[in-house]
Amino acid sequence: MIQRVPTFCGKDCGGGACPLLAIVEDGVVTGIERNPAGRDLKPCPRGYELHLAHGAPERLLSPMIADGPRGSGRFREADWDEALDLTARRLGDVRARLGADAVLALGSAGSTGALHNSENLLARFLGAAGGATGLSSNYSNGAARFVLPYLFGSAAAESGWDAKTVRDSRLVVLWGANVLEARLGTELGTEIAAAARAGTPVVVIDPRRSRTAKALGARWIPIRPGTDAAMMLAVLYALFRDGRIDRRRADSLSVGLDDIERYVSGAADGVERSPEWAEPRCGVSASDIEDFARRYASARPAMLVPGYSIQRVRDGEETFRLTVALQVATGNFGIPGGSTGSLNNRLPTPRAGSLPAIDRGSPTVPIVRWPDAILEGRAGGYPSDVAAAYVAGFNAVNQGADCRKSIRAMESLEFSVCHEMFMTPTARYCDVVLPVASPLEKEDLCSPWLGNYLLYKPAAVTPRGLCRSDYDIFADLAARLGFGAAFSGGLDASGWIDRFIAESEVADEAAFRESGVYFGADRARVGLARFAADPEGHPLPTPSGKVELRSEAYARDTGRQAIPAWVDAPAAPDLPYLLVSPKTILRTHSQGGGARGGADAGELTVSTADAERLGVSNGDTLSISNDGGSIEARVVVSDDIAAGVVCLHEGAWLEPGPDGVDRGGCANTLTSTVGSGPATAPVMHGLPVRVKKAPLALDSFD
Ligand SMILES: Nc1nc2c(c(=O)[nH]1)N[C@H]1C(S)=C(S)[C@@H](COP(=O)(O)OP(=O)(O)OC[C@H]3O[C@@H](n4cnc5c(=O)[nH]c(N)nc54)[C@H](O)[C@@H]3O)O[C@H]1N2
Ligand SMILES: Nc1nc2c(c(=O)[nH]1)N[C@H]1C(S)=C(S)[C@@H](COP(=O)(O)OP(=O)(O)OC[C@H]3O[C@@H](n4cnc5c(=O)[nH]c(N)nc54)[C@H](O)[C@@H]3O)O[C@H]1N2
Ligand SMILES: [Mo]
């Protein structure tokens, strides 16, 4: 018998909330289709492959206990009783001797449903236990989320806009946003593609001629990574100089434009931040900057879509403050077809119940510093001395910065446990690995990153092997540790889902469960539109009541300038190339980065000019290195990347050889845990590196 069951992947992939149907034949998922109830919402290739990861031969099907040194990959299978008793005993022991804060909660992007959210469940479990050391911020948009409250106050949560408003745009600027590949919500790419087909011009500012740029026939402005703030200042310079800013309007919405004008014009310090000033910094010619400024100012409305990439760089905080300055200065703020702040503050999704947090006021460390917090503890200024880690839904060693430091941190722990579907580079360093259910094995609800809808899925099939959901694992462990009821609230997983739906705005529950999709009324909302229409009548909750392009609070808290500014990077003549490590359409982060799906793993894209300079062609091996480590990767020569920039897609699995050189192509071999600026957010683009033809490895003769 063939059934079609509504489902979604629940991955933190920018889509994640794509309406799918699982085709179930005799208890086996044989394929994935688009769910027609999702109307215009288009799933991506990763959604259509959901059953492949679920059914993969490499999937962990039983609890595993380390049976060799950490990292050796030697494990033995165990049953749940043994694995959970061991985990309860070791965690209980660390907590009893050293206190609750000695356990570090390492949760990230694993799964993101309303209930089966690995990060939230981990936090709730450790909260119910009495606390732990947690992580603050995230890898995605740490710098953006840090600065937006200074700009908008608590209304930061209402900035953003719905994808349907792209229809009102006369120009779309994708500034470091590769929306057809690195999705920012399920709808945005589709809407931008439809607008482009209908004739709306699209400009892509990106070191790479991305898939999106190519597919949309966009005008491509190649830029040196990490230098967007310099170009943005030069665009503002040109707008001020040419009198293209409606000052009365802009001043009614914001404070600080006068200071920004003094800064860019040179009145403040004698340095003009002109297009000629920006050219050598960002690699975009002064005439291209002038041309862009003219186009952006004369198309109204124009939508500037800031990708998260432009803030995952050194001083990424400033870039995001400048995108808002541009939106305000050009009169595009808070209007349909324009853009308002950032997409990472999604507008409200339809009301539904959610899992209550258990907050013990526990200490946190910035996520990018998790290895430092383990290695240095209180002596290094961190809030606790960590002796154990609980990892759920996080390939921390691979996806966090500085793999070598991460490995040292994992090796130094007394005990570590993780919930995983696969034996990832992180799982290899854990003492206990617990096999989790796949997205097709769990009932859940979810809401999207961007958009006004909810999805529901029943479990399509029962779990493979001994796999269990994170919820069930935590509930069992909590019971063994004596706080079962505090964790579960007396409900099992389906009890919680019933409650979430009962608390939702969905009127016809049966129809929702049947179709798997519920749409909110308005899908073309514009964040902060009421404020933009009547700034005096609906002031923002900021000191001035307006958008704070100049923020005294920011200056006070961070020691930086009150207005967004540019500081040149320290010179690094021995590291002449800049590395970017963007997302690929093939993967969600590192999922499928190992034995499965990592087709591009270990490939380094270099420009034709650089390939000539380096004397390499397709298939040759290049070594990419800095003080943090070294990678050897296969060359792919391309005309779609700026000279001086090299690209390794993020998510490939680390494969360090005995010489310490990574041959898996994991970009985080080269990233650092220092962080961006005041937000201490990750820096994963624009990393200075050296690139050389690799010496012929002896083992290539094996
Ligand atoms: N397929 C896929 N989509 C995803 C994800 C995934 O794993 N796979 N992950 C999701 C998640 S969690 C997140 S946080 C978002 C992240 O979304 P983003 O951060 O926007 O994604 P990236 O791929 O890092 O970068 C997007 C584009 O910016 C370019 N770029 C890199 N550095 C710079 C720079 O300094 N300046 C400019 N102008 N451009 C630059 C890259 O070449 C790339 O084409 O993506 C989401 N979407
Ligand atoms: N160099 C570089 N590094 C980056 C980035 C970059 O642009 N460049 N991007 C960063 C960004 S934006 C992000 S969000 C992070 C993401 O990094 P991570 O949060 O590590 O995300 P994933 O690699 O998807 O790993 C999630 C893990 O959860 C597992 N998993 C899947 N489903 C479940 C489940 O239901 N329960 C549990 N317990 N586990 C599950 C998967 O098998 C996978 O190993 O990476 C960051 N790292
Ligand atoms: Mo992310």
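None of these values were measured; they are calculated from a predicted model.

Caption draft 1: Helix α3 (residues 80-98), seen in detail. Relative to the 27 Å expected for 19 residues at 1.5 Å per residue, α3 spans 26 Å between its end C-alpha atoms, a close match to the ideal helical length. Among all positions in α3, only Trp 80, Ala 83, Leu 84, Leu 86, Thr 87, Ala 88, Leu 91 and Val 94 are buried. For α3, the secondary structure elements touched by its buried residues are β4 (64-66), β6 (103-107), β14 (388-392), β15 (415-420), β16 (432-435) and α17 (470-481). Following α3 by one or two positions, Gly 99 adopts a phi angle in the positive range, close to 100 degrees.

Caption draft 2: Quick look at the sheet that holds strand β17 (residues 444-446). Strand order in the open sheet formed by three strands is β17-β18-β19, with antiparallel pairing between adjacent strands. Each edge of the sheet is formed by a strand with only one pairing partner; in this case those strands are β17 and β19 (517-519). Ignoring strand direction, the axes of neighbouring strands in this sheet form an average angle of 15 degrees. Pairing between β17 and strand β18 (residues 453-457): three bridges, direction antiparallel. When the bridges of β18 are listed, Leu 445 appears paired with Tyr 456. The strands touched by helix α19 (residues 493-502) are β17 and β18; relative to β17, the strand with the most contacts, the crossing angle is about 40 degrees.

Caption draft 3: Structural detail: the site of ligand 1. Neighbouring ligand 1 are 36 residues; Asp 206, Gly 226, Asp 228, Arg 312 and His 589 lie closest to it. Of the residues that constitute the shell around ligand 1, the class distribution is 15 nonpolar, 11 polar and 10 charged. Per-domain counts for the shell around ligand 1 show at least three residues from each of domain 2 (143-342 + 525-558) and domain 3 (577-701).

Caption draft 4: Seen up close, the pattern of salt bridges. Tallied over the entire structure, the rule returns 46 salt bridges. A salt bridge links Arg 4 to Glu 33; the shortest N-O distance between them is 2.9 Å. Of the two residues, Arg 4 is situated in strand β1 (residues 2-7) and Glu 33 in strand β3 (residues 28-34); the sequence distance between them amounts to 29 residues. You can call Arg 4 partly exposed: its relative accessible area is 46%.

Caption draft 5: Fine view of the site of ligand 2. Around ligand 2 there are 31 residues in total, and Ser 108, Glu 420, Lys 442, Asp 470 and Ser 590 lie nearest to it. Note that an oxygen atom of ligand 2 is positioned 3.2 Å from one of the side-chain N or O atoms of Ser 111. The side chain of Asp 470 places a nitrogen or oxygen atom 2.7 Å from a nitrogen atom of ligand 2. With the chains in place, 98% of the 910 Å² that ligand 2 exposes on its own is no longer accessible. Considered class by class, the residues forming the shell around ligand 2 number nine nonpolar, 16 polar and six charged.

Caption draft 6: Structural context of helix α10 (residues 257-265). Restricting attention to buried positions, one finds in α10 the residues Leu 257, Ile 260, Tyr 263 and Val 264. Axial view of α10: buried residues confined to an arc of 115 degrees, hence all on one face. On the buried face of α10, the contacting elements are α8 (228-241), α9 (247-253), β11 (254-255) and α13 (316-329). Gly 266 sits one or two residues past α10 and shows a positive phi near 95 degrees.

Caption draft 7: Inspection of the pairing of strand β23 (residues 621-626) at higher detail. Burial analysis of β23 places five of its six residues in the buried class, the great majority of the element. Inspection of the sheet shows β23 paired to strand β24 (residues 629-638) by six bridges, in the antiparallel sense. What sits directly across from Asn 626, in β24, is Gly 629. Counted between consecutive antiparallel strands, the loop separating β23 from β24 contains two residues. Summarising the sheet, β23 and strand β26 (residues 685-693) pair through four bridges and their orientation is antiparallel. Across the sheet, residue Ile 624 finds its bridge partner in β26, namely Val 691.

Caption draft 8: Molecular detail of the nonpolar core. Counting residues in hydrophobic clusters, the biggest one holds 66 residues, and the most contacted among them are Phe 152, Trp 175, Met 231 and Phe 292. The greatest single-element share of this core, amounting to 12 residues, is contributed by α8. Ranked by size, the runner-up nonpolar core spans 54 residues in total, among them Leu 91, Ala 387, Ala 392 and Trp 496.

Caption draft 9: Main features of the packing of helix α5 (residues 142-152) against α13. At a minimum axis distance of 8 Å, the contact between α5 and α13 shows a crossing angle of 45 degrees. By the angle class used here, α5 and α13 are oblique. Crossing hand, α5 versus α13: right-handed. Of the residues in α13, those in contact with Ala 143, Ala 144, Phe 146, Val 147, Leu 151 and Phe 152 of α5 are Gly 316, Glu 317, Phe 320, Arg 321 and Val 324. Residues of the contact of α5 with α13, tallied by class, amount to eight nonpolar, one polar and two charged.

Caption draft 10: Main features of the sheet that holds β6. Within the open sheet, the six strands sit side by side as β5-β4-β16-β15-β14-β6. Their pairing is mixed. The open sheet has two edge strands, β5 (75-77) and β6, and neither has a second partner. For this sheet, the mean angle separating the axes of adjacent strands, direction not counted, is 15 degrees. Across the sheet, helix α4 (residues 118-129) is in contact with β6 and β14; its angle to β6 comes to roughly 160 degrees. Along the sheet, α17 makes contact with β14, β15 and β16, crossing β14 at roughly 145 degrees.

Caption draft 11: Layout of the domain arrangement of the chain. Each assigned domain of the chain is listed with its residue range as follows: domain 1 (64-139 + 363-454 + 463-502), domain 2 (143-342 + 525-558) and domain 3 (577-701). Summing both partners gives a buried area of about 1800 Å² for domain 1 against domain 3, and 56% of it is carried by carbon and sulfur. Seen at the junction of domain 1 and domain 3, the total is zero salt bridges. Within the residue set of the side of domain 1 that touches domain 3, elements represented by two or more residues are α14 (370-376), α15 (396-399) and α16 (403-412). With four residues, the single largest contributor to the side of domain 1 that touches domain 3 is α16. For the side of domain 1 that touches domain 3, the per-class residue count stands at 12 nonpolar, seven polar and five charged.

Here is what the cut-offs are and how they apply
- All residue numbers here refer to positions counted from 1 along the written sequence of the relevant chain.
- Chains carry letters and ligands carry numbers; both start at the beginning, A for chains and 1 for ligands, and go up in the order they are written.
- Local features in this predicted model are restricted to residues whose pLDDT is 70 or higher, and side-chain atom pairs enter the listing and the counts only when it is 80 or higher, whereas totals over whole chains, interfaces and linings include all residues.
- With hydrogens and water excluded, all non-hydrogen atoms of the structure serve as input to the side-chain values.
- Every helix listed is a DSSP run of H or I at least four residues long, and every strand listed is a run of E at least two residues long, numbered separately from the N terminus.
- Multiply 1.5 Å by the residue count of a helix minus one, and that product is the helix's expected span.
- Only protein chains enter the accessibility calculation, which uses a 1.4 Å probe; a residue is then buried when its area is under 20% of its type maximum, exposed when over 50%, and partly exposed in between.
- Should any heavy atoms of two residues lie within 4.5 Å, those residues are considered in contact.
- Here a strand pair is declared whenever DSSP counts at least two bridges between the two strands.
- To obtain an axis, a line is fitted to C-alpha atoms, over the contacting stretch when the element is a helix, and the angle between two such axes runs from 0 to 180 degrees between their N-to-C directions.
- If even one non-hydrogen atom of a residue comes within 4 Å of a molecule or strand, that residue is called near it.
- Ten residue types, Ala, Val, Leu, Ile, Met, Phe, Trp, Tyr, Cys and Pro, are classed as nonpolar, four, Asp, Glu, Lys and Arg, as charged, and the remainder, Gly among them, as polar.
- Residue ranges for the domains trace back to a domain assignment, done automatically or taken from a database.
- When a carboxyl oxygen of Asp or Glu lies within 4 Å of a side-chain nitrogen of Lys or Arg, that pair is called a salt bridge.
- Under the rule applied, a polar contact is a pair of N or O atoms within 3.5 Å (in protein, one hydrogen donor and one hydrogen acceptor; residues adjacent in sequence only if both atoms are side-chain atoms).
- Only the protein chains shown count as cover for residues, and all accessible areas are computed by the Shrake-Rupley method using a 1.4 Å probe.
- What the arc covers is the set of directions going from the helix axis to the C-beta atoms.
- In plain words, nonpolar cores are sets of buried Ala, Val, Leu, Ile, Met, Phe, Trp, Tyr and Cys residues tied together by side-chain atoms within 4.5 Å.
- When describing relative orientation, an angle under 35 degrees is termed roughly parallel and one over 145 degrees roughly antiparallel, while 65 to 115 degrees is termed roughly perpendicular and anything else oblique.
- Handedness of each helix crossing follows the sense of rotation of the near helix against the far helix: counterclockwise by less than a right angle gives left-handed, clockwise gives right-handed.
- Note: buried area is the sum, over both parts, of the accessible area (probe 1.4 Å) each one loses when the two are combined.

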